[in-house]
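Reading the structure
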Amino acid sequence: MIDRLQELREEALQELEKASSVKDIDEVRVKYLGKKGPITEVLRGMGKLSAEERPKVGQLANEVREDIQAKVEEKTEEMEAAALEAQLASERIDVTLPGREVKRGARHPLTAVIEEIEDIFIGLGFQVTEGPEVETDYYNFEALNLPPDHPARDMQDSFYVTDDMLLRTQTSPVQARTMEKHNGVGPVKIICPGKVYRRDDDDATHSHQFMQIEGLYVDKGVRMSDLKGILNTFVKNYFGAERNIRLRPSFFPFTEPSVEVDVSCGICAGEGCRVCKQSGWIEVLGAGMVHPRVLEMSGFDAKEYSGFAFGMGVERFALLKYGIDDIRHFYTNDIRFLDQFKRV
Amino acid sequence: MLVSYEWLKEYVEIGDLTPEEVAEKLTRGGVEVDVIIPRSEGLDHVVVGYVEECQQHPNADKLNICQVNTGEETAQIICGAPNVAAGQRVAVAKPGARLPGGIKIKKAKLRGERSEGMICSLQELGIEQKLVTKEFIDGIYVFPEEAKVGEDAVEQLGLRDTVLELDLTPNRADCLSMIGVAYEMAALLDREVRHPGNDFHESEEAASDVVSVHIDVPEDNPYYGAHVIKNVTIKPSPMWIQNRLTAAGIRPINNVVDITNYVLLEYGQPLHAFDLHRFGSNQIVVRRAENGEKITTLDDEVRTLTEDHMVITNGTEPTALAGVMGGAFSEVQNDTTTILLEAAYFTPSRVRKASKDLGLRSESSIRFEKGIDSGRVEEAAERAVSLLEKYADGVVLKGKVHEDYRPKEHRTITTTSERLNQILGTDLKADEMLSIFRRLRLEAKTETEDRLVVNIPSRRPDLEIEEDLSEEVARLYGYDRIPVTLPEGITTPGSLTPVQKKRRKVRRYLEASGLHEAITYSLTSKKKTQQFLLNDVSGTVEVSLPMSEERSTMRTSLIPHLLDAVQYNQNRQMNDTAVFELGSVFIGEEGELTRQPEEKTMLGAAISGTWEVQLWQGEKTETDFYVVKGIIEGLFEELQFSHALSFTPSKKGELHPGRSADILFNDRNIGFIGQVHPRTAKEWGLKETYVFQLDLDLLLTEETNTLSYEPLPRYPSIARDIALVVNKDIPAAEVKEVIENAGGTLLKNVTLFDLYEGEKLEAGKKSLAFSLVYLDPERTLTDEEVTKTHENVLVDLKEKLDVELRR
Ligand SMILES: [Zn+2]
């Protein structure tokens, strides 16, 4: 009996070894371990054995079962692993094929510039204010210290729609309107982005429509040095911490003193190159201390309050930031142009 | 203003600075030098030569063979200029010279004859055609007798010089003169200014014996003076005057005209020389013109004047347009012997008016308009008189005739050093400020309590208030030295308004949805203001004197220019375009505008071509109505307005009648969506294109509830799907609405998941399949309850819309 069991174990293990599918294994398992299998049969004859032999045979029979069962499991695992292996192999894809494209649009570069600048000034405590594009002569010129006969009106030939209404030539009228609303009580800290219009023929550097951002800070005791501080902070935020500003005297009717603000050239770090026309500096802003007449006209007491104002061309900032060579690109809306600003 | 470096040296010591350094100083000081122009870079080996002989070339009619003494030798030069002749002093470019046009001079043979150089015209030496005297414009230049043979011709012509082109701001009219620039330079360098001499002899006869002057309107003309110079000879002015005029961009004419121009440049004082014999009377009367009065100006144009303009007259007819241009008949000519020299101060606004109305600008009007130095009129006149005596051989009559209404008081500005420091954020002592004012030649003194009193000379009319003085202090002290501080007042948080935030949200959503932001022009054609309107517009906003019809009217819709953008891209093989724009449209009034037009912020979009493509997977979605509608639905969800959005068929003429809808927000029309009508698309040359436009002002000013969390369901929901057979013309939204109403509170969600139209159905029918989800948040629903409600739904559908279940 013991021999028989040993024999059966050998046979079963050999058959299992030969098995080439899960089905084969299962057949072998049923054949040897099933209720009608030879081991059960052997055990049925146990009654004939002596009381001494019985446990030995029983134990062996269990061992044989366990061995076969273990082999079955081992073999099944092997098979399943192989099957999985085969499945994975058959499921292999070309990972170098392109992924499904996620459709994305893009921000207009001028919007990107405006929002970036807005965010910097919001961080400095400014509000963003807006106003009408068709303005009255009063707000566009007179309230900004440009009476009808002022020679500086020549600097900006404008589109009039009636005798005293025009397409605004600057966004400063928003400043005048906002100051009026404050009824002579500061502080006023605003930036005004928006479209402006001037009678210019469109070419690579001129556009009859363009965008400006003007800023205003009015409070008690505001100094020119504060203007320097705010613009310095802005320029370092926008262009980079290594950039510096330089002020040059200039003239604007609504500020006194007035300055042009240059930023050190980012290409040559001030050494002089083609971009900065060998000067090491690039003109980016106009600014100055708000003219007392402008303060007074807008309801502020110029003895108590002072302030500064500044203005910048959005196109110019975009040209500098992205190295664009023609201002008309901003308004042609060529998809190949716009698409490049997905990354901003 | 063109400033010759060599000329400027005459008034202020700048010899130790290069022209580039002078330019840098001026620019940093507030007088911007736009361009630095070297007048003759690398122009050498050009000398004054004497033409000893001049014979016709044996083999060429138009060429001459000249023997030219160049000081060291006599060279044979072939010259083709018509005006070459023996006995002339000419500019000879010797072999080795390189002329500004790039020509390199070499020994050569011309038609068999050797030529050892070139006799030059002024143009060939780099002088602009428009600055060359008429006499020499078509030929070579001939030096006057005074030129020494063998000398450097470039030097003789004043070309060893650099010109600085100033870009002056309107307040710095004082720098429209050499002396003005010299004052500026002297202040920047802390040096002295030298005025030119103006000595002359006067005859016994007095000017007042010959002529009188009367000013009719002193406000327009506070000062008018005239000198009389007799026995003048009209001839070319000396070379140095001609050279300086050329450097400043003014063509030499003759000695008298050149001298008035020279003094104009030197002092910034416009002068006018009349021929007294042609003047027509012995009285000068300055008055307003009469309406319709005519004058023929120096340029031979007949000008019709109005009473806004001012004229110089001989008592009867105008002889000059005051401050702008002289009249033709009293002009100085070659036979002129007696000159009436006008030196006046006309008010800026009066001259500006005439110059603007008549479209006539001159060196004179430019200066009067911006304000000349009223205190230097006489000095400038005397300078011109002294030059006329010297270079026109004139006899100067004693004294002058004049009327003078100029204010005698000088302006003073009183301030304190504390105030100026407060404006600038500096900490300068009164002494330092006084020193700056001294450099600027502004007389200043301190009074008690730190008070500064500054006298403003007439040459600086731009200095009016304390702030102007602070600017003078700042620019001379140096902006670089002003400290960098931050404001010390109340700090305030910066932020965007809710509308601005939502506007950014709209942009972000559309970008993420695959649309590119476009920005188009606000000015458009009249025709384009009549298309794609959200509502009828009461009127349009038109600009007076538009630059073109295409840019004549403010837009009333964003769509036309977006379609232009689609077309632009299609014309460049970019067929898949999806653009949006956020911008204003402008609504005027019927008839003339009486108030500012209404400006509405719109959101517009135009989408054409393939919407989505996965190339190698072979999947492709073409843009259709539902793609665009989905974008709008998503936008409303983003803004939390889904519940208030609905669509209803639209009747807009520019849209496809079967594929367009009005967009309703709380049942109010706020936009449209649809396929561009094939007829309209054809006009534009567009492929199938879809558009939408929304009134963003209405949408973004609507209050939004703050987003609050809805508890997750604790009980299971039960879903029932139904397929319905519906009459084709019943919109799906109507079916859905009936379902929702009948389903009551238990019905949580209704989703359309299938649409079928085809032969399996009776004609005129379509099948719609909906998935209905029932849920009670408080308990588990039973099947019976759901079945009961569901049956109500089916009954209502049958009763209200004659809808059957699909078998
Ligand atoms: Zn550079």
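Rules used throughout
Residues numbered from 1 in each chain as written. Chains lettered and ligands numbered in written order. Predicted model: local features only at pLDDT ≥ 70, side-chain atom pairs only at ≥ 80, totals over all residues. Heavy atoms only, no water. UniProt positions renumbered as here; feature names shortened; annotations may be inferred. Salt bridge = Lys/Arg side-chain N within 4 Å of Asp/Glu carboxyl O. Helix = DSSP H or I, 4+ residues; strand = E, 2+ residues; numbered from the N terminus. Buried < 20%, exposed > 50% of the residue type's maximum accessible area, 1.4 Å probe, protein only. Contact = heavy atoms within 4.5 Å. Buried area = accessible area lost by both parts, 1.4 Å probe. Polar contact = N/O pair within 3.5 Å; in protein donor to acceptor, adjacent residues only side chain to side chain. Donors = N, O, S within 2.8 Å, 3.2 Å for Na, K, Ca; no water. Tetrahedral: all angles 85-135°; square planar, octahedral: opposite > 155°, others 65-115°. Phe/Tyr/Trp six-rings, centres within 6.5 Å; stacked < 30°, edge-to-face > 60°. Lys NZ or Arg CZ within 6 Å of the ring centre and 35° of its normal. Disulfide = S-S within 2.5 Å. Axes fitted to C-alpha atoms, helices over the stretch in contact; angles between N-to-C directions. Parallel < 35°, antiparallel > 145°, perpendicular 65-115°, else oblique. Nonpolar A, V, L, I, M, F, W, Y, C, P; charged D, E, K, R; others polar.

By the naming in an unreviewed UniProt entry, chain B goes by Phenylalanine--tRNA ligase beta subunit and is assigned to Alteribacillus iranensis. In its Subcellular location (unreviewed entry) section, UniProt records this for chain B: "Cytoplasm". According to the UniProt record, the Catalytic activity (unreviewed entry) comment for chain B is "tRNA(Phe) + L-phenylalanine + ATP = L-phenylalanyl-tRNA(Phe) + AMP + diphosphate + H(+)".

Chain A is annotated in an unreviewed UniProt entry as Phenylalanine--tRNA ligase alpha subunit of Alteribacillus iranensis. Comment text from UniProt for chain A, heading Catalytic activity (unreviewed entry), reads "tRNA(Phe) + L-phenylalanine + ATP = L-phenylalanyl-tRNA(Phe) + AMP + diphosphate + H(+)". Its UniProt record, at the heading Subcellular location (unreviewed entry), says of chain A: "Cytoplasm".

So, about the pattern of salt bridges. All names here are of chain A. Applying the stated criterion across every chain, the model contains 82 salt bridges over all chains. Close ionic contact of Asp67 with Arg9 constitutes a salt bridge, the shortest N to O distance being 2.7 Å. Placement of the pair is Asp67 in helix α4 (residues 53–90) and Arg9 in helix α1 (residues 2–18), with a sequence separation of 58 residues. Owing to a relative accessible area of 15%, Arg9 belongs among the buried residues under this scheme. A salt bridge links Arg29 to Asp26; the shortest N-O distance between them is 3.0 Å. Of this pair, Arg29 and Asp26 both sit in helix α2 (residues 22–33), three residues apart, which is roughly one turn of that helix. A residue is classified by how much of its surface remains accessible, and Arg29, at 30% relative accessible area, is partly exposed.

Attention shifts here to the interface of chain A and chain B. Facing the 96 residues of chain A at the interface are 95 residues of chain B. Both faces combined, the contact of chain A with chain B buries some 7,800 Å², and carbon together with sulfur accounts for 52% of it. Where chain A meets chain B, there are eight salt bridges. The salt bridge partner of Arg508 of chain B is Glu115 of chain A, with a shortest N-O separation of 2.9 Å. Our enumeration of links across chain A and chain B arrives at 48 residue pairs in polar contact (both at pLDDT 80 or more).

Residue and element names in this part refer to chain A. Taken together, Cys265 (SG), Cys268 (SG), Cys273 (SG) and Cys276 (SG) make up the protein donors of the zinc ion, found 2.2 to 2.3 Å from the metal. Around the zinc ion, the four donor atoms sit at angles spanning 105 to 114 degrees, and that spread fits a shape best called tetrahedral. Counting the intervening residues between successive donors of the zinc ion yields the motif C-x2-C-x4-C-x2-C. We note that Cys268, like Cys273, is buried.

Okay, the environment of Cys120 of chain B next. Residue and element names in this part refer to chain B. Tracing the backbone shows Cys120 in the loop between β9 (118–119) and β10 (142–143). Relative accessible area serves as the criterion here: at 0%, Cys120 is assigned to the buried category. C-alpha separation for the pair Cys120 and Pro716, spaced 596 residues apart in sequence, amounts to 103 Å. Excluding residues that lie within four positions of it along the chain, Cys120 makes contacts with Ala91, Ala93, Leu99, Leu125, Ile140 and Tyr141.

Here we come to the UniProt feature "binding site: Mg(2+)" (unreviewed entry) in chain B. Residues and elements named next belong to chain B. The UniProt record annotates "binding site: Mg(2+)" (unreviewed entry) at Asp462, Asp468, Glu471 and Glu472. Checked against the element boundaries, Asp462 lands in the loop between β27 (451–456) and α14 (466–477). Asp462 gets classed as buried once you look at its relative accessible area, which sits at 15%. Beyond its immediate sequence surroundings of up to four residues, Asp462 is in contact with Asn171, Arg172 and Asp468. A distance of 2.9 Å separates polar atoms of two side chains, one belonging to Asp462 and the other to Arg460. Here Glu471 lies in helix α14. Take Glu471: its relative accessible area is 4%, and that puts it in the buried class.

What follows covers the packing of aromatic side chains. Throughout the structure, instances matching the rule amount to 31 aromatic pairs over all chains. Measuring from centroid to centroid gives 5.2 Å for Tyr217 of chain A and Phe308 of chain A, while their planes differ by 20 degrees, and the two rings are stacked. Taken together, the residues Tyr217 of chain A in strand β6 (residues 209–220) and Phe308 of chain A in strand β10 (residues 305–313) connect sequence positions 91 residues apart. By relative accessible area, which is 4% here, Tyr217 of chain A ends up buried. Taking 5.0 Å as the distance between ring centres and 80 degrees as the angle between the ring planes, the aromatic pair formed by Tyr141 of chain B and Phe143 of chain B counts as edge-to-face. Pair check on accessibility: Tyr141 of chain B and Phe143 of chain B agree, each one buried. Aromatic ring contacts, followed pair by pair, group Phe121, Phe126, Tyr217, Phe234, Tyr238, Phe239, Phe308, Phe310 and Phe317 of chain A into a single cluster. A cation sits over an aromatic face here: Arg459 of chain B above Tyr183 of chain B, 4.0 Å from the ring centre. Across the ring face of Phe647 of chain B, the terminal group of Lys629 of chain B is positioned such that the distance to the ring centre comes to 4.5 Å.

Turning our eyes to something else, we now look at the UniProt feature "coiled-coil region" (unreviewed entry) in chain A. Under the local residue numbering, the UniProt record ascribes the feature "coiled-coil region" (unreviewed entry) to residues 65–92 of chain A. A helix fraction of 93% and a strand fraction of 0% characterise residues 65–92 of chain A, whose end C-alpha atoms lie 40 Å from each other.

All names here are of chain B. Here the structure, examined in full by the defined rule, presents zero disulfides over all chains. Of the cysteine sulfurs around Cys54, a residue in no disulfide, the closest is that of Cys66, at 3.9 Å. Taking relative accessible area as the criterion, Cys54 reaches 24% and is therefore assigned partly exposed.

Those residues carrying the UniProt feature "domain: TRNA-binding" (unreviewed entry) are residues 40–154 of chain B in this numbering. Split by type, residues 40–154 of chain B is 2% helix and 33% strand. Its first and last C-alpha atoms lie 8 Å apart.

Our focus in this paragraph is the packing of helix α8 (residues 224–239) of chain A against helix α10 (residues 314–322) of chain A. Residue and element names in this part refer to chain A. Interaxial distance between α8 and α10 falls to 12 Å at its minimum, and their mutual angle equals 45 degrees. The angle between α8 and α10 falls in the class oblique. Facing α8, whose interface residues are Phe234, Tyr238 and Phe239, α10 presents Phe317, Leu320 and Lys321. Tallied by class, the residues present in the contact of α8 with α10 amount to five nonpolar, no polar and one charged.

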